Amino acid sequence: MSNISLRQRHNKKPEELRELIRQMAIKLEERYQLSSRWLNNDELEVARSGVKGRITLGIDEVKVDIKLGLMMGAFKSTIQKEISRSMAEKLV
């Protein structure tokens, strides 16, 4: 099992931040068939077969923690780069 753990600082208002993360989740769904659902105002769960993760919205930081199963582990580098790039573009 592979893990992706990313952190990105931000200076966004809560409403704007939620919308940016929602847009990022839509792209992850389109590319990797990851479904997403809000657990509460500050946590978004992403999942599919072989993938389970959480995006946590903090006051000044967004945390992404994703566990990849054996088959999806082969895509770890690609997924990690895409999420990291997207967070850097949208949150800074």
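Located above this text is the structure these notes cover.
A quick note: this is a predicted structure, and the numbers were derived from the prediction, not measured. (Residues numbered from 1 in each chain as written. Predicted model: local features only at pLDDT ≥ 70, side-chain atom pairs only at ≥ 80, totals over all residues. Heavy atoms only, no water.)

Trainee: What am I meant to see in the side chain of Glu45 here?
Mentor: Along the chain, the position of Glu45 falls in strand E3 (residues 43-48). Excluding residues within four positions of it along the chain, Glu45 makes contact with Ser35, Ser36, Arg37, Leu39, Lys52, Gly53 and Arg54. (Helix = DSSP H or I, 4+ residues; strand = E, 2+ residues; numbered from the N terminus. Contact = heavy atoms within 4.5 Å.)

Trainee: Which parts of the structure should I look at to understand the pairing of strand E2 (residues 35-40)?
Mentor: In summary, the side chains of a regular strand alternate between the two faces of the sheet. Here E2 pairs with E3 via five bridges, running antiparallel. Along E3, the bridge assignment pairs Trp38 with Leu44. Taking the residues that link successive antiparallel strands as the turn, the E2-E3 hairpin has two residues. (Pairing = 2+ DSSP bridges.)

Trainee: Quick question: what am I supposed to make of empty space enclosed by the protein here?
Mentor: It is a probe the size of a water molecule, rolled over the atoms, that shows where empty space is left. Across all of its chains, the model carries one cavity of 30 Å³ or more by this definition. Lining the largest cavity are Leu20, Ile21, Met24, Ser86, Met87, Lys90 and Leu91. Counting residues per element, the ones that place at least two in the lining of the largest cavity are helix H1 (14-32) and helix H2 (76-91). Here the lining of the largest cavity takes four residues from H2, the largest share from any one element. Residues of the lining of the largest cavity, tallied by class, amount to five nonpolar, one polar and one charged. (1 Å grid on protein atoms, 1.4 Å probe; cavity = no way out; pocket = protein on both sides within 12 Å on 5 of 7 lines; lining within 4 Å. Points joined across faces, edges and corners; volume = space filled by probe spheres on them. Nonpolar A, V, L, I, M, F, W, Y, C, P; charged D, E, K, R; others polar.)

Trainee: Would you take a moment to explain the side chain of Lys12 for this structure?
Mentor: In this fold, Lys12 is placed in the loop between strand E1 (2-9) and H1. Among residues more than four places away in sequence, those in contact with Lys12 are Leu17, Leu20, Lys90, Leu91 and Val92.

Trainee: What exactly am I supposed to notice about the environment of Glu45 here?
Mentor: Given a relative accessible area of 14%, Glu45 falls into the buried group. In this structure the C-alpha to C-alpha distance between Glu45 and Val64, which are 19 residues apart in sequence, comes to 9.9 Å. (Buried < 20%, exposed > 50% of the residue type's maximum accessible area, 1.4 Å probe, protein only.)

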